[in-house]
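Structural description and commentary
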Amino acid sequence: MIWNATNATFGASASLRFLALFFLSASLAGCVSQTVKSTSIPALQAPAAMVPEDELLDVAVAIFDPGIDFADEDERLYPEVRRAEARYIPKLLAEVLQNSGAWGAVRVVPNEERITDLMISGTILHSDGETLEIQVVARDSRDYVWLDRVYEGNASRYAYDSKTRSSYDPFQAVYHQVANDLVQRFDELPTAQRKEIRMVSELLFAQSFSTEAFAGYLDKTRKGKQLVVRLPAEDDPMLERVRMLRERDHVFVDTLQTYYNGFSDDMFGPYQEWRKLSYQEVVAYQELKRESTRQLIAGGAAIIAGIAAASSGDGSARAAGNVAIIGGGYLLKSGLESRAEAQIHVEALEEIGQSLEAEITPQVIELEDRTVMISGSVDDQYAQWREVLAEIYRNEIGDLAPPASDDPVQN
């Protein structure tokens with residue numbers, strides 16, 4: 001009997017201590033916050049040395065893949081927002097690349113089919129206003145991969161504060177990292193390879209209009225990389241006409257930049273507001289999920305401990321156990337309510353996405369001879385433009401003989 005009484009007293013005392021410590025830790029846990037408070041933007045790097053004009057590479061940044069088809073099932077993704085971001089992010093990246101001073105012309109293009117010295121493509125893996133994760137691939141005209149990696153950035157809690165917000169995009173650090181990696185890769189290339197990239201681009205463009213006339217100038221290595229094996233005569237009339245067509249193509253794509261600039265300007269306001277609200281909602285949602293989990297665990301544990309204490313023979317232990325059961329039930333109820341509140345935030349995010357879709361409308365640009373509607377069918381518009389160029393080429397070439405070849409180029 002002495003042992004049983006002592007054991008019961010010890011059990012009641014332990015239960016009371018456990019409950020006290022448990023409720024204290026549960027209350028303190030609610031104060032934890034993991035919000036990112038600041039971000040660091042790396043300085044934009046310039047080339048190690050002045051780049052001669054004949055070594056400057058033109059860069060095209062293709063519209064990104066919005067990443068809708070392979071998003072995680074639990075990710076709160078809004079297709080209309082992602083499609084807009086897939087056009088917006090390339091424009092920001094192109095501006096950063098141009099500001100680095102390492103390149104020739106930097107243009108946003110509808111797809112990866114355009115022939116250029118360096119093509120940059122990307123996929124949006126995650127974007128919610130708090131975190132941006134993109135995969136970026138850079139490949140030169142020879143088909144050598146310069147870059148293939150995932151970049152991730154976190155927005156500062158002050159990024160969307162009108163009082164402290166700077167002129168930088170909340171994820172400017174990501175674009176600077178991409179630009180710096182590309183400049184580093186460019187610096188590693190010898191002069192001969194830079195010039196070869198430019199020549200391959202020109203010959204690929206020529207072959208796209210007349211495979212027969214410009215056959216034999218390029219070959220592929222065993223790994224499938226483009227290689228210059230012969231050069232057309234510098235004063236060849238067919239090559240001159242191809243160069244004129246290429247200049248017209250540049251002009252057309254430069255006209256498309258007006259569309260992308262206008263799109264970015266129109267999108268900036270509602271998109272910033274969406275990211276601001278999304279940031280707040282995501283942070284609140286994450287905190288509510290953590291709080292809900294803590295409360296559910298705390299409530300369940302408290303009920304178990306309360307039942308154990310209430311079933312003991314000690315009166316004070318039974319009283320404490322009843323309190324624990326009631327408190328545990330309250331925590332469980334609060335946890336379920338928190339999850340319901342989190343679902344409200346999810347629905348609010350969906351409404352924000354739908355409102356942004358209403359803000360973004362197709363743009364109209366005026367060309368010299370016609371008006372073009374730029375929307376989801378930009379690819380089709382550029383394809384039609386390529387057909388126009390092909391017709392111009394056929395009309396201008398006429399009965400001209402294929403270009404003569406110089407001696408093979410040694411590589």
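Residues numbered from 1 in each chain as written. Predicted model: local features only at pLDDT ≥ 70, side-chain atom pairs only at ≥ 80, totals over all residues. Heavy atoms only, no water.

Our focus in this paragraph is the sheet that holds strand β3 (residues 118-127). Strand order in the open sheet formed by five strands is β2-β1-β3-β4-β5, with mixed pairing between adjacent strands. Strands at the two margins of the open sheet, each flanked by one partner only, are β2 (106-109) and β5 (145-154). With direction set aside, neighbouring strand axes in the sheet form an average angle of 20°. Relative to β2, strand β1 (residues 59-62) runs parallel, the two sharing four bridges. Bridging across to β2, A62 finds its partner in V109. Seen against the sheet, helix α2 (residues 79-99) touches β1, β2, β3 and β4 (131-140) and runs at an angle of roughly 130° to β3. (Pairing = 2+ DSSP bridges. Helix = DSSP H or I, 4+ residues; strand = E, 2+ residues; numbered from the N terminus. Axes fitted to C-alpha atoms, helices over the stretch in contact; angles between N-to-C directions. Contact = heavy atoms within 4.5 Å.)

All right, on to helix α3 (residues 172-188) then. Compared with an ideal rise of 1.5 Å per residue, which puts 17 residues at 24 Å, α3 spans 25 Å between its outermost C-alpha atoms and is within 8% of the ideal. Taken together, the buried positions of α3 are Q172, A173, V174, Y175, H176, V178, A179, N180, L182, V183 and F186. Each element contacted by the buried residues of α3 is listed here: α2, β3, β4, β5 and α4 (191-209). (Expected span 1.5 Å × (residues − 1). Buried < 20%, exposed > 50% of the residue type's maximum accessible area, 1.4 Å probe, protein only.)

Looking at where Y217 falls in the secondary structure, it is placed in the loop between α4 and β6 (218-220). Separated by ten residues in sequence, Y217 and L227 have C-alpha atoms that sit 8.5 Å apart.

Below, the discussion takes up α4. Here α4 spans 28 Å end to end across 19 residues, near enough to the 27 Å set by a 1.5 Å rise per residue. Those residues of α4 not exposed but buried are R194, E196, I197, V200, S201, E202, L203, L204, F205, A206, Q207 and F209.

Attention now moves to the nonpolar core. Among the nonpolar cores identified, the biggest contains 81 residues, and V61, L97, W103, I120, W146, L182 and F214 are the most heavily contacted of them. The element best represented in this core is helix α5 (residues 237-310), accounting for 15 residues. (Core = buried A, V, L, I, M, F, W, Y, C linked by side-chain atoms within 4.5 Å.)

Phi at D143 is positive, roughly 80°, even though this residue is not glycine. Topologically, D143 is positioned in the loop between β4 and β5. Overall, D143 belongs to the partly exposed group, its relative accessible area being 28%.

What follows concerns the packing of aromatic side chains. Where two aromatic rings form a pair, the distance of their centres and the angle of their planes describe that pair. Counted according to the given criterion, the structure contains four aromatic pairs. Ring geometry for W103 against W146: centres 6.2 Å apart, planes inclined by 45°, an arrangement best described as tilted. In this pair, W103 is assigned in the loop between α2 and β2 and W146 in strand β5, connecting sequence segments 43 residues apart. By the burial criterion, W103 is buried, and W146 matches it. Summarising the aromatic geometry, the rings of W103 and F186 are spaced 5.3 Å apart at their centres and angled 65° between planes, so their arrangement reads as edge-to-face. With a gap of 83 residues between them, W103 in the loop between α2 and β2 and F186 in helix α3 connect regions that are remote in the sequence. Assigned by exposure class, W103 and F186 land together as buried. When the ring centre of Y144 is taken as reference, the NZ or CZ atom of K225 above it lies at 5.5 Å. (Phe/Tyr/Trp six-rings, centres within 6.5 Å; stacked < 30°, edge-to-face > 60°. Lys NZ or Arg CZ within 6 Å of the ring centre and 35° of its normal.)

A few words now on the side chain of Q226. Looking at where Q226 falls in the secondary structure, it is placed in strand β7 (residues 226-228). Aside from chain neighbours lying at most four places away, what touches Q226 is S141, R142, V200, L204, L218, D219 and K220.

Where side chains of opposite charge bring their charged atoms close, a pairing between them can arise. Following the criterion strictly, the structure yields 14 salt bridges and no others. Here R243 and E202 are joined by a salt bridge, their closest N and O atoms 2.7 Å apart. Taken together, the residues span a long stretch of sequence, with R243 in helix α5 and E202 in helix α4 at a distance of 41 residues. Of the residues examined, R243 reaches a relative accessible area of 22% and is grouped as partly exposed. Among the residues examined, E202 registers a relative accessible area of 12% and is labelled buried. As a salt-bridge pair, R243 and E240 come within 3.7 Å of each other at their nearest N and O atoms. (Salt bridge = Lys/Arg side-chain N within 4 Å of Asp/Glu carboxyl O.)

Once that is clear, we can look at the side chain of E55. Structurally, E55 can be placed in the loop between α1 (2-29) and β1. Judged by relative accessible area, E55 falls into the buried class, the value being 5%. Here the side chain of E55 touches T191 through a polar contact of 3.3 Å, side chain to side chain. Looking at E55, its side chain comes within polar contact range of the side chain of R194, at 2.9 Å. Among all residues touching E55, those that are not within four sequence positions of it are F186, T191, R194, K195 and R198. (Polar contact = N/O pair within 3.5 Å; in protein donor to acceptor, adjacent residues only side chain to side chain.)

A few words now on the packing of α2 against α3. Running from amino to carboxyl end, α2 crosses α3 at an angle of 50°, the nearest separation of the two axes being 9 Å. As judged from the angle between their axes, α2 and α3 are oblique. Relative to α3, α2 is oriented so that their crossing is right-handed. Where α2 approaches α3, its residues I89, L92, L93, V96 and L97 are matched on the opposing element by Q172, Y175, H176, V178, A179 and L182. Looking at the contact of α2 with α3, its residues break down into nine nonpolar, two polar and no charged. (Parallel < 35°, antiparallel > 145°, perpendicular 65-115°, else oblique. Left-handed = near helix turned anticlockwise from the far one by under 90°. Nonpolar A, V, L, I, M, F, W, Y, C, P; charged D, E, K, R; others polar.)

Okay, the environment of H126 next. Here H126 lies in strand β3. You can call H126 partly exposed: its relative accessible area is 21%. Between the C-alpha atom of H126 and that of P66, which follows or precedes it by 60 residues, the distance is 9.3 Å. Polar contacts involving the side chain of H126 include one to the side chain of D128, which spans 2.9 Å.

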